[in-house]
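Commentary on secondary and tertiary structure
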Amino acid sequence: MRPCMIHGPGNKGNLNLLYGVVSKGIPWPLGAFENRRSFTSIGNLQEVIKGLLTMDAPSGIYHMGDDEALSTNELIEVICSALGKKAHIWNIPRGLMNGFAKIGDVLHLPLNTQRMQKLTENYVVSNAKIKAALGMKEMPVRAKDGLRETIKSFAGK
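Summary of the structure given here. (Residues numbered from 1 in each chain as written. Predicted model: local features only at pLDDT ≥ 70, side-chain atom pairs only at ≥ 80, totals over all residues. Heavy atoms only, no water.)

**A word on the overall build of the chain**
Counting its secondary structure elements, the chain contains seven helices and four strands. For the chain, the α and β elements follow one another from N to C terminus as β-β-α-β-α-β-α-α-α-α-α. Projecting the C-alpha coordinates of the chain onto the three principal axes gives extents of approximately 55 × 35 × 25 Å. For the chain, the proportion of its 157 residues judged to be buried stands at 37%. Considering only contacts within the chain whose residues lie at least 6 apart along the sequence, 86% involve residues at least 24 apart. Summed over its atoms, the accessible surface of the chain is roughly 9100 Å², and 56% of this surface lies on carbon and sulfur atoms. The average position of the 20 basic charges and that of the 13 acidic charges among the side chains of the chain differ by 6 Å. (Helix = DSSP H or I, 4+ residues; strand = E, 2+ residues; numbered from the N terminus. Buried < 20%, exposed > 50% of the residue type's maximum accessible area, 1.4 Å probe, protein only. Contact = heavy atoms within 4.5 Å. Areas by Shrake-Rupley, 256 points an atom, 1.4 Å probe, with all protein chains shown as cover. Lys, Arg positive; Asp, Glu negative; His and termini not counted. Charge placed at Lys NZ, Arg CZ, Asp CG, Glu CD.)

**Structural notes on the layout of surface pockets**
Over the atoms rolls a probe the size of a water molecule, and in doing so it shows where empty space is left. Counted as a void, the largest pocket has a volume near 880 Å³. If you go around the largest pocket, you meet 27 residues; those closest to its centre are Asn14, Leu18, Trp28, Lys118 and Leu119. Elements that contribute at least two residues to the lining of the largest pocket include exactly helix H1 (14-23), helix H3 (72-83) and helix H5 (113-120). When residues in the lining of the largest pocket are grouped by element, the largest group, five residues, is from H1. (1 Å grid on protein atoms, 1.4 Å probe; cavity = no way out; pocket = protein on both sides within 12 Å on 5 of 7 lines; lining within 4 Å. Points joined across faces, edges and corners; volume = space filled by probe spheres on them.)

**With respect to the packing of aromatic side chains**
Summed over the entire model, instances satisfying the criterion amount to one aromatic pair. Across from the ring centre of Tyr62, 5.2 Å away, lies the NZ or CZ of Lys129, which sits over that ring. (Phe/Tyr/Trp six-rings, centres within 6.5 Å; stacked < 30°, edge-to-face > 60°. Lys NZ or Arg CZ within 6 Å of the ring centre and 35° of its normal.)

**Observations regarding the side chain of Thr120**
With respect to the secondary-structure elements, Thr120 resides in helix H5. Here the side chain of Thr120 touches Met116 through a polar contact of 2.7 Å, landing on its backbone oxygen. (Polar contact = N/O pair within 3.5 Å; in protein donor to acceptor, adjacent residues only side chain to side chain.)

Okay, here's the thing in structure tokens:
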């Protein structure tokens, strides 16, 4: 099983970093980039593991993800919604942001072309094979709902 970024209460990954930035009200400057990313709710992962342990699923490689892929802009909106804040997403032209990233390469700044690529690239997986193997029509936890619960767990710390 190959899950993409797993989220749930107590998460200790990159989502925490984005939460830290957004919760402080720092504007997201990459709003002009429309990427799509898959996530895996811990609740969905638990259901799939339970299914694999109790059903006779064929062996193979299964990609695991929530049914919906979200853009980083949508993720920021989910974070802000869970916190009761307004999202601050700036649509700075892509060419300008890519220029800033190239300057970051030269000056060894936190925003460089490699980090820009990671922040704006697509990473979408299909969970159709695992759902078919387990006879599921849809995952029990919607991506935005699972992410909201994860964010609320951060805010409760």
